[in-house]
Structure formats: C-alpha cells, structure tokens
Amino acid sequence: MEYTFTNAPVDLETLPDYQQLNYTSVSKKRLYKVWTVLAVLFILIAVGLYFLREATDVPMLIPGLTTGVFVVFTLFFFYQFLLQKKIGYALRERDIAYKRGFLFEKITIIPFNRIQHISTSAGALDKVFKIANLNIFTAGGAGSDINIPGLPPELAARLKEKVANHLTETDE
C-alpha cells in the first residue's frame, strides 16, 4: 500500500477561540502574599535608610530617597492589584490554558498529550497563606511551562489528579 502525503488547508473560521474561555481566577491570598513580601521589603529598606541618615553627611538626601522608594512600592502594590484580576486558568477536555499579564497579556495553552510531568509546590509563605502552586512541565524545558500560583491546596491537588488522569487516558 502506497502512502500519499496530504496537507489540506485549515478553515480559520472553524478554529476555537481561546480568548473566549471562561478563566477561573486564582485565590486573592496570592495577592496578600505578594503584598506581605512587598511590605516587609519596604520596611527593611526604610529602616536601612533611617540608619543611613544617621551615618551620612547629607541627611537631606534620605527623605527624597524614602519618598522615591515609597512611590515605587506603591506602584508595585497597585500593579499587583491589577494583575490579580488578570491571572486565571481554564481546564478543557484536551488541554489546560493559563492567562496572566496586565500590561502584556500572555496566554499559554498546553494540550494534555504534551505534558510530561505535573506537580504542586508550596513555599513557607504559601503555607502561611494556605495556597499552593500547580506546575506543569512539557518536554525540553528546564522549568515549568505553566506555574499557576495562589490555588487552595485542595484545588491544586484535584487539578493535578485531573490532569494526571487525562495523561493516563491518552496513553491507552
């Protein structure tokens, strides 16, 4: 039997619209964790600037630096607030989609048959805020291709199990 190569064009109108997905938002605890890190960092910098004021010959420079640092941290707080609304994931029949980004939106869609490994992780602050990360790996990358932060640990475990079940179904 002879094999005949075909490469028919795809009707672009029939492609699914990935932007019309209903994305599930991550927990607001992710935002609280990031704000906590920013607040601690700001306090450490402010204390450092206070002690620098005592040791410098130009004490008038320090209030300007403190104001600049305060403005930058306020912008980071506001940016994280806006970003929180733009982080989401969608689990479909054959793939998982992850959306993030405020100024530059990025959507990553990984078909289940491309996933090599899936794991959950939680750092020290994640455990304090009772959140976890879902990490999805495909072949060829050093790190995870999708890292969904700020999920309740039970949900992260259920999503991991659901995706793992899809992986075993496609192997059969």
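Before any of the text, the structure's been laid out above.
Before going into details, it helps to say that this report is about the structure given with it. (Residues numbered from 1 in each chain as written. Predicted model: local features only at pLDDT ≥ 70, side-chain atom pairs only at ≥ 80, totals over all residues. Heavy atoms only, no water.)

### Digging into the packing of helix 1 (residues 29-55) against helix 2 (residues 61-84)
Okay, step 1: The contact between helix 1 and helix 2 brings their axes to 10 Å, and the two run at 175°. Regarding the angle of helix 1 to helix 2, the classification is roughly antiparallel. Judged by residue contacts, Arg30, Leu31, Val34, Trp35, Leu38, Ala39, Leu41, Phe42, Ile45, Leu49, Leu52 and Arg53 of helix 1 engage Ile62, Leu65, Thr66, Val69, Phe70, Phe73, Phe76, Phe77, Gln80, Phe81, Leu83 and Gln84 from helix 2. (Axes fitted to C-alpha atoms, helices over the stretch in contact; angles between N-to-C directions. Helix = DSSP H or I, 4+ residues; strand = E, 2+ residues; numbered from the N terminus. Parallel < 35°, antiparallel > 145°, perpendicular 65-115°, else oblique. Contact = heavy atoms within 4.5 Å.)

### As for the pairing of strand 7 (residues 146-151)
Okay, step 1: Of all six residues that make up strand 7, five are buried, and the element is covered over most of its length.
Okay, step 2: With four bridges connecting them, strand 6 (residues 132-138) and strand 7 associate as antiparallel partners. When the sheet's bridge partners are listed, asparagine 135 is paired in strand 7 with asparagine 147. (Buried < 20%, exposed > 50% of the residue type's maximum accessible area, 1.4 Å probe, protein only. Pairing = 2+ DSSP bridges.)

### With respect to helix 1
Okay, step 1: With 27 residues, helix 1 ought to run about 39 Å at 1.5 Å a step, and its terminal C-alpha atoms sit 39 Å apart, in line with that.
Okay, step 2: Listed as buried for helix 1 are Arg30, Leu31, Val34, Leu38 and Leu49.
Okay, step 3: Buried residues along helix 1 sit against helix 2 and strand 7. (Expected span 1.5 Å × (residues − 1).)

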